[in-house]
Each structure stands twice: as C-alpha cells, then as structure tokens.
Amino acid sequence: DAGVTQSPTHLIKTRGQQVTLRCSPKSGHDTVSWYQQALGQGPQFIFQYYEEEERQRGNFPDRFSGHQFPNYSSELNVNALLLGDSALYLCASSLLVSLAKNIQYFGAGTRLSVL
Amino acid sequence: GENVEQHPSTLSVQEGDSAVIKCTYSDSASNYFPWYKQELGKRPQLIIDIRSNVGEKKDQRIAVTLNKTAKHFSLHITETQPEDSAVYFCAATYSGTYKYIFGTGTRLKVLA
C-alpha cells in the first residue's frame, strides 16, 4: 500500500518563473491538502482539494493555485516565483468520509529553492 | 485568528530523562490535536493524537495531555533515547476540516 508520494523531491527555479509540484494521495484517499513549510517553521496550510474542487484555502495569494484530477492526484502551481517562496511543500491526503477523525498522512515533500 | 504557540523551540535532554513540549491554541472550536515527529529530510510522522473528549492519552513512552479550559496540550516523552532526536510539531484542528494549524516546532536533542 503506497503512501503519499510527491514529485519532484527537489527543484531549483529563478525569480519570476512558474513551478508545478505533484502529489499522489495514499491509496483509498480522496482529499488532498497542501502545506508550505519554511525553514525552521511549522507547515502553513495553502489549500485543500476534494472532488476536483478547491474546498478550503489558507492565507496565500492567487499566485498559488492547484488542481485535482479524477484519480485524486493533485498539482500545486506557483506563478511569478519570489525568493520567499523557497520552502518545503508538503502534500497530505485523507478520506473525506472520515472528516470527523481529521487524520492526515503526509508525503515527504518537495523542496523548492528560488534563486 | 487561529494560532498555535509551541514551547520550547529547542530542548536538550540526557538519554533516559523525560522531555515535555507544550502548545497553546487559540480557537476554542479545536477538538483534535495531533503531534508529528519530523526527522531531517523526512516526512512528518504522526506519533500520537488526542481528541477534546479525552484528557490524557498514552502510547508506551509517549503521552499527551489536554487542558481544554486553558487551551493547553502537552507532549511527554519518558526514558528518552537518541532516536527520539527530531523536530516535533503540535497541531490543532476541528471536526469538518482538514486544515491543521501547526506550532512552530521544537527541536529535541537527546544526548547520549
């Protein structure tokens, strides 16, 4: 049973560029959440996808957008990259019917460096 | 707004001693409090969690306590071992959402 997988593991971009990060949820899960973890900080909630729609969003600008596919996998897109976007991006998956249980499983993350 | 404060930011203990990490949350609607362990370069791993209808939960050397009135919850690790060295994060959330509010983390070093 595969856990949450993310790709790529590392990425280097320059300011102004665009980036796409990918996530495959744990088998059987239908909800994907994305978090940004800056160095030395706790993860910050970006947004959550269910049934291919953004269901909830944190305090991130519109430069951050996402998508969920019919197979429940998800992409995080960041446009017009800033130096401050350098961080570890974590994907977490869960099962909506167990919403009352709140439990999320995290992937290993994609480390994005913006130069 | 929603906020979780976590203390201390770093903690060094001798092997075999106990370690305690404390968190305070602001949203009184929070009813689920997980703790994650994150080793360098690895994913956050859920180590223990507690729900608001319970005051304490224990799993071998790890325990979590919750004081709903004070909006405090704490992680207790007894008989610490070098492999306990990692960054620990607390989080708070409530039923009906998967939005976790994380603390800023505690770097635990267990000295052999």
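To keep things clear, this report deals only with the structure shown in the data block. (Residues numbered from 1 in each chain as written. Chains lettered and ligands numbered in written order. Predicted model: local features only at pLDDT ≥ 70, side-chain atom pairs only at ≥ 80, totals over all residues. Heavy atoms only, no water.)

Moving on: the interface of chain A and chain B. Frequently, the measure chosen for interface size is the accessible area removed from exposure when the parts meet. If you look at the interface, chain A gives 28 residues, while chain B gives 21 residues. Summed over both sides, the interface between chain A and chain B buries roughly 1,900 Å², with carbon and sulfur atoms accounting for 50% of that surface. At the junction of chain A and chain B, the tally comes to 0 salt bridges. Scanning the region where chain A abuts chain B turns up 6 residue pairs in polar contact (both at pLDDT 80 or more). Counting residues per element, the ones that place at least two in the side of chain A that touches chain B are β4 (31-37), β5 (44-50), β6 (53-57) and β9 (87-94) of chain A. Counting residues per element, the side of chain A that touches chain B draws most heavily on β4 of chain A, at 4 residues. (Contact = heavy atoms within 4.5 Å. Buried area = accessible area lost by both parts, 1.4 Å probe. Salt bridge = Lys/Arg side-chain N within 4 Å of Asp/Glu carboxyl O. Polar contact = N/O pair within 3.5 Å; in protein donor to acceptor, adjacent residues only side chain to side chain. Helix = DSSP H or I, 4+ residues; strand = E, 2+ residues; numbered from the N terminus.)

Attention now goes to the nonpolar core. Here is a general trend for soluble globular proteins: nonpolar side chains tend to be buried in one another's company. One finds Trp35, Phe73, Leu75, Tyr88 and Leu108 of chain B to be the most contacted residues of the largest nonpolar core, which totals 25 residues. Listed by contribution, the elements that provide at least two residues to this core are β2 (10-14), β3 (19-25), β4 (32-38), β5 (45-51), β7 (62-67), β8 (72-77), β9 (86-92) and β11 (106-111) of chain B. (Core = buried A, V, L, I, M, F, W, Y, C linked by side-chain atoms within 4.5 Å. Buried < 20%, exposed > 50% of the residue type's maximum accessible area, 1.4 Å probe, protein only.)

Residue and element names in this part refer to chain A. Strands sit in the order β1-β3-β8-β7 across an open sheet of 4 strands; the sheet is antiparallel. The strands lining the two open edges of the sheet, one partner per strand, are β1 (5-7) and β7 (64-68). Between one strand and the next, the sheet's axes are offset by a mean angle of 20°, whatever the strand orientation. When β1 meets strand β3 (residues 19-24), the two strands line up antiparallel, connected through 3 bridges. Following the sheet pairing, Thr5 is matched in β3 by Ser24. (Pairing = 2+ DSSP bridges. Axes fitted to C-alpha atoms, helices over the stretch in contact; angles between N-to-C directions.)

What follows covers the pattern of salt bridges. In a structure, side chains of opposite charge can pair up when their charged atoms sit close to one another. Tallied over the full model, the rule gives 6 salt bridges over all chains. With a shortest N-O distance of 3.4 Å, Arg22 of chain A and Glu75 of chain A are connected by a salt bridge. With a gap of 53 residues between them, Arg22 of chain A in strand β3 and Glu75 of chain A in strand β8 (residues 74-78) connect regions that are remote in the sequence. Residue classification places Glu75 of chain A among the buried residues on the basis of a relative accessible area of 17%. Note that Arg61 of chain B and Asp84 of chain B form a salt bridge whose closest N and O atoms lie 2.9 Å from each other. A residue pair is termed long-range when its members are at least 10 positions apart, and Arg61 of chain B in the loop between β6 (56-59) and β7 and Asp84 of chain B in the loop between β8 and β9 qualify at 23 residues. On the basis of relative accessible area, Arg61 of chain B is assigned to the partly exposed category, the value being 22%.

Residue and element names in this part refer to chain B. Here β4 lies mainly inside the structure; 7 of its 7 residues are buried. Residues of β4 alternate between two faces, with Tyr32, Pro34, Tyr36 and Gln38 on one and Phe33, Trp35 and Lys37 on the opposite face, all of them buried. Where β4 meets β5, 6 bridges bridge the pair, whose relative direction is antiparallel. For Tyr36, the partnering residue across the bridge sits in β5 and is Leu46. Between β4 and the antiparallel strand that follows it, β5, lie 6 residues; Gly41 among them carries a positive phi value of about 75°. Bridge count between β4 and β9: 4 bridges; the pairing is antiparallel. Bridging across to β9, Gln38 finds its partner in Val87.

Attention shifts here to the packing of aromatic side chains. To describe a pair of aromatic rings, you give the distance between the ring centres and the angle between the ring planes. What the rule picks out here adds up to 16 aromatic pairs over all chains. Ring geometry for Tyr35 of chain A and Phe106 of chain A: centres 5.5 Å apart, planes at 50°, overall tilted. Linking Tyr35 of chain A in strand β4 with Phe106 of chain A in strand β10 (residues 105-106), this pair joins segments that are 71 residues apart in sequence. Where Phe106 of chain A meets Tyr36 of chain B, the ring centres are 5.2 Å apart and the plane angle is 85°; that geometry is what we call edge-to-face. Here the residue Phe106 of chain A occupies a position in strand β10, and Tyr36 of chain B occupies one in strand β4, the pair thus bridging two chains. Take Phe106 of chain A and Tyr36 of chain B: they sit in the same class, and that class is buried. Here the aromatic residues Tyr35, Phe45 and Phe106 of chain A together with Tyr32, Tyr36, Phe89, Tyr100 and Phe102 of chain B are joined through ring pairs into a cluster of three or more. The ring of Tyr105 of chain A carries the charged tip of Lys26 of chain A above its face, separated from the ring centre by 5.3 Å. (Phe/Tyr/Trp six-rings, centres within 6.5 Å; stacked < 30°, edge-to-face > 60°. Lys NZ or Arg CZ within 6 Å of the ring centre and 35° of its normal.)

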